[in-house]
Amino acid sequence: MSILIISLLLFTGCKNDDYIEEQSENSGLVQKSGGSSYTLCGKSILKFNTLDQVQNTHRNLYNNYYTAGEDLDVLIAYEMSKGLYSLRKKEEDMDEGIIPDDPDFDTFDYTFDTIFESMLNQDGMIIIEDYLYLWSDGCVVVRVKPANCKNYEELLSLHELVKRGQLKDSELSYYVNNVGVEMINICDDPRYDFESISETGVDVDNSHDYSGDDREMGCGYESVISYEILEHNGDDKIIKLKINAYSISPIGIDPTYFTYLDNSDTFTSVTIKENSLGLGEMLWPENFGYVGEWFVVEIDYSTMDTTPIANFRLYGFVSLLTPNGCDDTDTLDVNLECPIGISKKPVDADSGLWEFSVEGIDHLTESYSIEWTFAGDGIATTLIVYDASGANNIFPTPCESRSFGVSAFISSSESICKNQLSTSINSGGYCSRSNISEASPKGVKHGGKRVRCKIKVKRRADIFGGETICKNKIKNRKKAIKSINSSGGLLQISGLDCIPVDITTIMPPISQDSETKKKLVQKENAGFARVDLTNPYSVNFTISTGYTHTLSYYYPCSE
């Protein structure tokens, strides 16, 4: 064992190109003398030049750690060689009384991954390329550039507002539109799933941008953008639209919406006339995201010599920087010369009820009809209406959310610029999850040491097989035997249905064979599976010196 640790120290202590050597002037980022680690705002932090280098470092540490029988000395040696005060070390120092205890501090808030605990610094941050990242164990992390002391303090203040439950839309708008904070979905983007990369050995194409890939998230949240035409003067080439943000969200958890007009700089002018926040009229700034449920925008396209298409993008999320954080994006392209299109709105996710209408045909004076066609479970439903008041449809609600097509054909004796319309919606899976976690209360101690338990299911990206991984972990530094015992059922996906299976066939009871190990981790591949929120399985954690705690997924369905 000692040979392995010495070799690791020699390897990681050598200067290599895993870290950027350039510094931004007056950034507060200082390279440590004789090494390849840095300090920012007086705190140590790792700085990687590329995602490849993060992945390779994680893979090397993962292999060394598990080859050594999960020997913590492997991770300690790495941290020491980099001079990094990590999340893991901060928690240990609190437990040992070296630094004051903070009951609200929990490494589980940042990551479930044992290896990554030793790569994130004490505040859960890391530098990759030009970005400073604040990590989260949910699906959404945040980043900002450049990686300087000012932005470090901004991310700390953002995280503090989240922890206190005091993050308002106006404050979030400041962080996004003024500071430049970006949200990254690490559940959707396999480049950031360092744990799965190390566990599966799969190489990810880091040159590919996965952010636009359409994939069912399994965390119970979806964004829906819609529009209404309030005024349209085709001669003066000015149009006024009301943009609405909707969502399917966990019951009782309010979503946050950002709406972008990605090509705002191509129009003669863009003016926000009214909005849900009660702010005054304003010109649309470049790269601006409006925070709120709706706004009225006036677009002047009089000087354009190409087809004027407004590209709206709705980005919405729930529970930012928490272990159950989730986001989704929906887009809307409106041809301003011919703004006829389908507007959609979710009414009741549980039953699959949606509402639709056709925009842009109010100018028709003669009678007309609209033939709606709704795709279903192998069968299409057709409905003919004779006005633009809209149509409702109940879609199937399969175990896992699926996409269903919607089309409308307008029959009119008058000339119209477009008569065949189409869109799509997602339906299903709103009382089941393939991305969710639950943890024991913070601040609890056993035998004078912190004790923390967590359960988690995570659907891997398709490049890793797309299966759901079930994870359980208990941490306590007191010498004792730790055990994990699951009970109840899990849903396994079979076509459009979910079939209950006994969780013990996937996660049998386990116990440590030594009192010296400080944590017990269980990870199992459950295939294509989901947690049933109406009847979730439970996990009992025990320590042989008298501790016991049971966790289950007490989380609301979506509506």
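One can find the structure itself at the top, above this paragraph.
For clarity, every value in this text was computed on a predicted model and none was experimentally measured.

Basis of the calculations
Residues numbered from 1 in each chain as written. Predicted model: local features only at pLDDT ≥ 70, side-chain atom pairs only at ≥ 80, totals over all residues. Heavy atoms only, no water. Helix = DSSP H or I, 4+ residues; strand = E, 2+ residues; numbered from the N terminus. Rg over C-alpha atoms; globule rule 2.2 N^0.38 Å. Contact = heavy atoms within 4.5 Å. Areas by Shrake-Rupley, 256 points an atom, 1.4 Å probe, with all protein chains shown as cover. Lys, Arg positive; Asp, Glu negative; His and termini not counted. Charge placed at Lys NZ, Arg CZ, Asp CG, Glu CD. Pairing = 2+ DSSP bridges. 1 Å grid on protein atoms, 1.4 Å probe; cavity = no way out; pocket = protein on both sides within 12 Å on 5 of 7 lines; lining within 4 Å. Points joined across faces, edges and corners; volume = space filled by probe spheres on them. Nonpolar A, V, L, I, M, F, W, Y, C, P; charged D, E, K, R; others polar. Salt bridge = Lys/Arg side-chain N within 4 Å of Asp/Glu carboxyl O. Buried < 20%, exposed > 50% of the residue type's maximum accessible area, 1.4 Å probe, protein only. Core = buried A, V, L, I, M, F, W, Y, C linked by side-chain atoms within 4.5 Å. Polar contact = N/O pair within 3.5 Å; in protein donor to acceptor, adjacent residues only side chain to side chain. Axes fitted to C-alpha atoms, helices over the stretch in contact; angles between N-to-C directions. Left-handed = near helix turned anticlockwise from the far one by under 90°. Disulfide = S-S within 2.5 Å. Phe/Tyr/Trp six-rings, centres within 6.5 Å; stacked < 30°, edge-to-face > 60°. Lys NZ or Arg CZ within 6 Å of the ring centre and 35° of its normal.

In this section: the overall build of the protein. Secondary structure assignment for the protein yields eight helices and 37 strands. The C-alpha radius of gyration of the protein comes to 26 Å, within 12% of the 24 Å expected for a compact globule of 559 residues. The contacts in the protein between residues at least 6 apart in sequence include a share of 65% that link residues at least 24 apart. A total of about 23,300 Å² of accessible surface is found on the protein, and carbon and sulfur atoms cover 47% of it. Averaging the positions of the 49 positive and the 84 negative side-chain charges in the protein gives two centres separated by 11 Å.

Glancing now at the sheet that holds strand β12 (residues 269-275). Taken together, five strands build an open sheet; the order of strands is β9-β10-β15-β12-β13 and the sheet is antiparallel. Each edge of the open sheet is held by one strand with a lone partner, namely β9 (222-233) and β13 (282-283). Taken together, the 11 bridges between β9 and strand β10 (residues 238-248) define a ladder with antiparallel strand orientation. Along β10, the bridge assignment pairs Y227 with I243.

A few words now on empty space enclosed by the protein. All chains considered together, the criterion is met by four cavities of 30 Å³ or more. In this structure, the largest cavity spans a volume of roughly 210 Å³. As for the largest cavity, its lining consists of 17 residues, and the residues nearest its centre are T111, W135, D137, I186 and K458. Sorting the residues of the lining of the largest cavity by element identifies α8 (194-200) and β28 (449-459) as the ones contributing at least two each. Split by residue class, the lining of the largest cavity holds seven nonpolar, three polar and seven charged.

Here we take up unusual backbone geometry. Excluding glycine, most residues fall at negative phi; most peptide bonds, likewise, are trans. Between K145 and the following residue, P146, the backbone shows a cis peptide bond with an omega angle of 0°. Looking at where P146 falls in the secondary structure, it is placed in the loop between β7 (140-144) and α6 (149-164). Even without a glycine there, the phi angle at K237 is positive, about 60°. Take K237: it is sitting in the loop between β9 and β10.

If you walk through the whole model with that rule in mind, you get 34 salt bridges. In this structure, D137 engages K456 in a salt bridge whose closest nitrogen and oxygen atoms are separated by 2.9 Å. Residue D137 is located in the loop between β6 (131-134) and β7, and its partner K456 is located in strand β28; the two are separated by 319 residues in the primary sequence. By relative accessible area, K456 is classed as buried at 9%. A salt bridge links K273 to E281, with the nearest nitrogen and oxygen atoms 3.1 Å apart. What makes K273 partly exposed here is its relative accessible area of 24%.

Let us now look at the nonpolar core. Ranked by size, the top nonpolar core spans 63 residues in total, and within it I45, M119, L132, W135, V142 and M183 carry the most contacts. Apart from residues lying up to four places away in sequence, I45 is in contact with L29, S37, Y38, L40, L84, N121, M125, I126, I127, L132 and Y152. With 30 residues, the next largest nonpolar core counts I229, L241, L261 and Y301 among its residues.

Turning our eyes to something else, we now look at helix α3 (residues 72-82). Those residues of α3 that fall on the buried side of the exposure criterion are L72, V74, L75, A77, Y78, E79 and K82. For α3, the N-terminal cap is D71; the gap from its side-chain oxygen to the backbone nitrogen of D73 is 2.9 Å. Looking one or two residues past α3, G83 carries a phi angle of roughly 65°, positive in sign.

Across the six residues that make up strand β11 (residues 256-261), a large majority, six, are buried. With burial as the criterion, each face of β11 is covered, one bearing T256, F258 and Y260 and the other bearing Y257, T259 and L261. As judged from the six bridges shared by β11 and strand β16 (residues 309-318), these two strands associate in the antiparallel manner. Note on β16: the bridge partner recorded for Y257 is G316. Note: β11 against strand β14 (residues 289-291), three bridges, orientation antiparallel. Looking across to β14, one finds that Y260 is bridged to G289.

The complete set of buried residues in helix α7 (residues 169-179) reads L172, S173, Y175, V176 and V179. Buried residues in α7 make contact with β7, α6, β8 (182-185), β11, β14 and β16. Phi for G180, located one or two positions after α7, is positive at around 95°.

Our focus in this paragraph is the sheet that holds strand β22 (residues 391-394). Pairing is antiparallel across the open sheet formed by three strands, whose spatial order is β18-β19-β22. Taken across any chain shown, the strands that pair with only one partner, and hence form the sheet edges, are β18 (341-348) and β22. For this sheet, the mean angle separating the axes of adjacent strands, direction not counted, is 25°.

Quick look at the packing of helix α2 (residues 51-67) against α3 now. Running from N to C, α2 and α3 point in directions that differ by 145°, and their axes come no closer than 8 Å. For α2 against α3, the interelement crossing comes out right-handed. Together, T57, L61, N64 and Y65 of α2 and L72, V74, L75 and Y78 of α3 make up the contact between the two elements. Residue classes in the contact of α2 with α3 are distributed as six nonpolar, two polar and no charged.

Here the focus is the state of the cysteines. Across all of its chains, the model carries six disulfides by this definition. Across a sulfur-sulfur distance of 1.2 Å, C399 and C498 are joined as a disulfide pair. The sign of the -45° torsion about the S-S bond sets the C399-C498 disulfide as left-handed. One end of the pair, C399, is in the loop between β22 and β23 (402-412); the other, C498, is in strand β32 (residues 497-502), and 99 residues separate them in sequence. The residue that forms a disulfide with C431 is C557, at a sulfur-sulfur distance of 1.8 Å. With the S-S dihedral at roughly 110°, the linkage between C431 and C557 falls on the right-handed side. With a gap of 126 residues between them, C431 in the loop between β24 (420-427) and β25 (432-433) and C557 in the segment after β37 (547-552) connect regions that are remote in the sequence.

Here the focus is the packing of aromatic side chains. On inspection of all chains with the given rule, the structure shows 26 aromatic pairs. Relative to Y66, the ring of Y65 has its centre 4.9 Å away and its plane inclined at 85°; by these criteria the two rings are edge-to-face. Ring centres of Y133 and W135 lie 5.7 Å apart, and the angle between their planes is 45°; this geometry places the pair in the tilted category. Cluster of aromatic residues (ring-pair linked, three or more members): F116, Y131, Y133, W135, Y192 and F194. The ring of W294 carries K242 above its face, with NZ or CZ at 4.8 Å from the centroid.

That is the geometry; function is a separate question.
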